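Close look at the chain arrangement
Read off the chains here:
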Amino acid sequence: MPYSQDYQTILQELRVDPSSGLSPEEAARRLTEYGANKLEEGSRKTSLQLFLEQFKDVMIIILLIAALISFVVAWYEGEGYFEPFLILLIVVLNAIIGVVQEGKAERALEALKDLSAPHARVIRAGKEMVIDAAALVPGDIIKLEAGDFVPADARLIESNSLKSEESALTGESVPSEKDALAEVSENAALGDRFNMLFTGCSITYGTARAVVTSTGMKTEMGKIANLLNAETDTQTPLQHRLAELGKYIGFLALAICAVIFVIGIISDMNVMEIFMIAVALAVSAIPEGLPAIVTVVLAMGVQRMVKKNAIIRKLPAVETLGSASVICSDKTGTLTLNQMTLVRAFSATDALEEDISSDNSTPVKKLLQYATLCSDGSVEIDENGRETHIGDPTETSIVLAAYRNGMSKDELNQLYPRLGILPFDSDRKMMTTINEIKGKYIVIVKGAFDVIAGRCTAGDVEAGRQKTDELSSRALRVLAVACKEIEAPPASEQMNPATLEKDLTFMGLLGMIDPPRPEARDAVTVCRAAGIKPVMITGDHVVTAAAIARDLGIMQEGDKAVTGTELDAMSEDQLNERVNHISVYARVSPENKIRIVRAWQKQGAVVSMTGDGVNDAPALKAADIGCAMGITGTDVAKGASDMILTDDNFATIVDAVKEGRGIYDNIKHTVGFLLGTNIGEVLVVFIAMLVWQVSPFLAVQLLWINLVTDSLPAIALGLEPVDKGIMYRKPKPKGESIFADGYGIRIVMQGAMFALLTLIGFVSVWRSTGDIVAARTMAFIVLAGTQIFHAFNMRSTHSLFIIGFFTNKYLNAAALVSLLLICLVIFIPPAAMAFGLTQLAAPLYIAGLGLALVPILVLELYKRIIR
């Protein structure tokens with residue numbers, strides 16, 4: 001723990017002279033001992049391994065068996081190989097999509113490497129040199145200045161007004177002030193180790209000399225890389241449910257094939273004929289289009305989500321987000337703008353307090369003017385109005401507020417030139433400039449109120465103290481501004497804080513904050529209405545985090561805010577017991593974030609984690625679904641995530657949840673449609689074989705119905721618009737089956753209804769005409785018709801009279817195409833002959849159409865009366 005010891009002790013332990021550094025020989029020896037200063041990459045699977053892994057899924061295995069069976073059928077019937085090639089195409093496409101998606105997920109560690117500094121300034125054998133950062137070793141003396149990336153974790157030896165940008169690692173929205181002489185306790189959080197610099201972060205202000213304490217995988221960044229290696233991708237609920245579905249279908253198909261075959265043998269049917277019927281029935285029982293249709297539905301949903309600023313990296317993640325019951329969100333850059341903004345000002349001269357606007361009062365404008373003159377930060381605004389903040393965010397917030405009040409920094413510097421400066425340092429906690437203002441020499445001081453207050457002899461300091469406490473309690477960062485007039489500016493070498501920074505007149509206060517996103521509050525409200533628990537996880541201070549959480553509605557009555565240190569002190573049982581009541585976690589480490597995610601997962605929650613920094617990446621990967629920010633997000637966070645929000649907007653998550661729920665509904669309806677129709681096909685043949693030892697269908701008829709009525713309507717069902725009331729439902733439990741709440745029973749009952757209607761048509765024509773071909777034609781019309789019309793039933797749990805019969809244009813087109821294809825083989829004589837069909841009397845066609853429409857009437861009654 002180099003941060004808890006003085007730097008002389010660290011230098012002794014590392015056996016290095018801070019003035020001369022290591023010798024080349026010693027550096028080479030340590031490089032051999034400690035290894036290169038770079039992140040290790042976990043073992044990666046080859047593309048072939050990833051491709052072959054796709055075939056472990058039960059549904060894919062069933063599809064391969066179906067393809068083999070279909071090849072046998074095609075060979076025997078001599079009808080061509082379209083069906084088996086289609087099944088194989090579905091399998092291969094699914095495998096390729098899986099490989100592409102999983103390949104992207106392996107880029108997190110590569111992004112971490114990109115954050116590492118390529119070069120470092122080091123002192124070796126008394127000489128300063130630039131070397132490859134990978135050659136750094138513990139004990140190396142490095143030099144840093146503003147703009148440098150930190151090449152390794154290091155303990156400061158010297159520091160001058162040093163600030164380090166660590167938001168990607170700690171979540172802090174403001175650069176951390178660093179001090180070589182700072183005393184830090186052993187249990188200090190990462191963001192409170194003020195005498196340390198961390199690899200992958202950058203220097204924004206000042207200069208430093210430091211001794212390297214950790215390199216490569218031993219650095220804080222390296223620990224995160226280890227966490228990424230250790231975390232395995234969580235399988236989504238959709239994958240679980242489809243795997244479960246595949247097993248059921250597989251056993252069902254095998255059992256039915258065996259039973260039908262045995263019945264045929266006992267009834268002295270032709271062995272090859274009964275074999276082909278059993279095989280065709282097996283192909284019908286397996287909804288071979290299901291994986292492809294689910295993929296298409298997800299892909300279509302992804303396209304819609306791209307238009308709403310959400311990019312999905314893994315297709316099933318859409319559904320998982322729709323099931324989310326907890327959203328663990330980083331504060332900085334996710335719930336807030338990640339941009340310090342001046343929001344409040346207090347002028348002590350006039351006892352005036354007001355919000356910052358574009359037309360502030362004269363006293364506040366004077367306060368802004370003086371504070372801007374005493375700032376080094378700047379804001380550039382291009383012709384499109386885009387802002388570029390350069391320098392300390394605290395100062396740029398002041399400069400921007402002045403600009404919006406008609407005072408640009410460049411113009412102020414020309415009007416009131418700076419004649420001298422005492423830069424900010426962490427000891428004084430102040431910055432001082434001397435400016436010539438209207439022929440007078442004015443000393444302007446800005447800094448912490450408690451320091452400046454003791455140096456003021458004029459102005460209402462007591463009122464300033466009360467206002468400082470008030471603004472701080474609202475989570476504002478408060479700066480004080482003071483001034484005095486001097487007779488003449490001293491020479492630069494005579495610029496002395498002791499003389500310049502005394503006998504000041506207190507001017508007022510400026511309060512700033514990293515403000516909540518305007519749309520985040522509404523998004524949190526919608527989340528709560530949808531039964532989703534929002535949780536803030538941040539590296540910021542607990543007071544600031546809690547204030548913003550209360551403002552957004554994340555923290556409500558009875559909720560708690562805890563720090564990382566308090567979390568570390570909790571046992572697993574204590575955390576599991578309290579996790580439901582904790583809405584804010586502050587000053588947390590990457591390990592803390594994973595622990596929080598897992599604690600929620602133990603409660604049975606589907607956890608979504610949003611974030612933008614390197615420190616979020618392990619938790620993004622551990623969560624059921626990780627959402628990274630696209631603009632401010634690091635490549636590391638994006639690589640570890642399932643979804644990227646391209647506008648960094650928390651409200652986009654709400655749209656994603658809504659879309660995810662809609663897609664899951666559509667998939668559920670599609671599965672119900674496919675299984676209901678397939679169960680109908682199976683029951684028709686099974687009952688007919690059992691009662692009359694005759695099949696109502698030839699193998700080729702079953703395959704044609706299965707092919708024509710399954711794919712197009714099923715895909716169209718996946719494009720159904722999202723139900724308007726979907727965000728008023730509670731999230732589904734994590735382990736809930738796709739057939740929960742009696743859905744499976746309803747599917748079976750619908751299949752039984754199709755079978756009954758088909759058998760009624762089959763038997764009535766068979767008995768009235770004695771013609772088995774005519775009876776099969778009637779059965780073909782009824783079964784195909786019921787399946788096509790039933791697709792409209794499956795659009796929603798609401799009545800078609802409520803949602804509109806023809807409001808899904810894709811289903812309208814799919815149903816029309818399916819009907820045309822069915823009519824093609826019924827009414828064109830050569831096709832009818834090939835499919836074993838014949839022409840019927842006109843009344844029979846009308847009767848068949850009537851039977852096919854019965855499911856719509858039955859389901860409408862069920863929706864209207866029962867529900």
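The structure presented is a predicted model; accordingly, all values stated were derived computationally and were not measured.

With that settled, the discussion passes to helix 18 (residues 461-473). Between the first and last C-alpha of helix 18 there are 18 Å, a value that for 13 residues agrees with the 18 Å anticipated at 1.5 Å per step. Of all the positions in helix 18, only V461, A463, G464, T468 and L471 are classed as buried. An end-on view of helix 18 places all buried positions within 145 degrees of arc, on one side of the element. When the buried face of helix 18 is taken as reference, the exposed residues oriented beyond 90 degrees from it are Q466, D469 and S473. In this structure, the buried residues of helix 18 make contact with strand 10 (341-347), strand 11 (352-355), helix 17 (449-453), strand 17 (456-458), strand 18 (477-486) and strand 19 (504-513). Where helix 18 terminates, the next one or two residues include A475, which has phi positive at roughly 70 degrees.

The next thing to look at is the packing of aromatic side chains. Evaluation of the coordinates by the stated rule reveals six aromatic pairs. Among the aromatic side chains, those forming a connected cluster through ring pairs are F792, F801, F805 and F806. We note K668 situated over the ring of Y743; from NZ or CZ to the ring centre the distance is 4.9 Å.

For the rest of this paragraph, the subject is the pairing of strand 20 (residues 533-537). Extensive coverage of strand 20 is indicated by the burial of five of its five residues. Here strand 20 shows two buried faces, one formed by K533, V535 and I537 and the other by P534 and M536. Strand direction decides the pairing type here: strand 9 (residues 326-330) and strand 20, joined by five bridges, are parallel. Each bridged residue has a counterpart across the sheet, and for V326 the counterpart in strand 20 is K533. Direction of pairing for strand 20 relative to strand 22 (residues 582-586): parallel, over a ladder of two bridges. Across the sheet, the residue bridging to I537 is Y585, located in strand 22.

For the protein chain, per-residue confidence averages 84 on the pLDDT scale, and residues scoring 70 or more make up 86% of the total. By mean pLDDT, the top-scoring element of the protein chain is helix 14 (residues 362-373) (96), and the lowest-scoring one is helix 6 (residues 108-115) (41). In this model, residues 104-117 is a region of pLDDT below 50 whose contacts with residues beyond four sequence positions or in other chains number 38 contacts.

Counting residues in hydrophobic clusters, the biggest one holds 141 residues, and the most contacted among them are F506, M643, F697 and F780. In this structure, F780 is in contact with F697, Q701, W704, I705, I822, V825, I826 and L837, ignoring residues within four places of it in sequence.

In the structure shown here, the tally under the stated rule is zero disulfides. Sulfur of C483: no disulfide; nearest cysteine sulfur belongs to C456 and is 8.9 Å away.

One non-glycine residue with positive phi stands out, namely K438, at about 50 degrees. By secondary structure assignment, the location of K438 is in the loop between strand 15 (430-437) and strand 16 (440-447). Phi is positive for D503, which is not a glycine, with a value near 55 degrees. D503 gets classed as partly exposed once you look at its relative accessible area, which sits at 45%.

What counts as what
- Residues numbered from 1 in each chain as written.
- Predicted model: local features only at pLDDT ≥ 70, side-chain atom pairs only at ≥ 80, totals over all residues.
- Heavy atoms only, no water.
- Helix = DSSP H or I, 4+ residues; strand = E, 2+ residues; numbered from the N terminus.
- Expected span 1.5 Å × (residues − 1).
- Buried < 20%, exposed > 50% of the residue type's maximum accessible area, 1.4 Å probe, protein only.
- Arc of directions from axis to C-beta.
- Contact = heavy atoms within 4.5 Å.
- Phe/Tyr/Trp six-rings, centres within 6.5 Å; stacked < 30°, edge-to-face > 60°.
- Lys NZ or Arg CZ within 6 Å of the ring centre and 35° of its normal.
- Pairing = 2+ DSSP bridges.
- pLDDT = per-residue confidence, 0-100.
- Core = buried A, V, L, I, M, F, W, Y, C linked by side-chain atoms within 4.5 Å.
- Disulfide = S-S within 2.5 Å.

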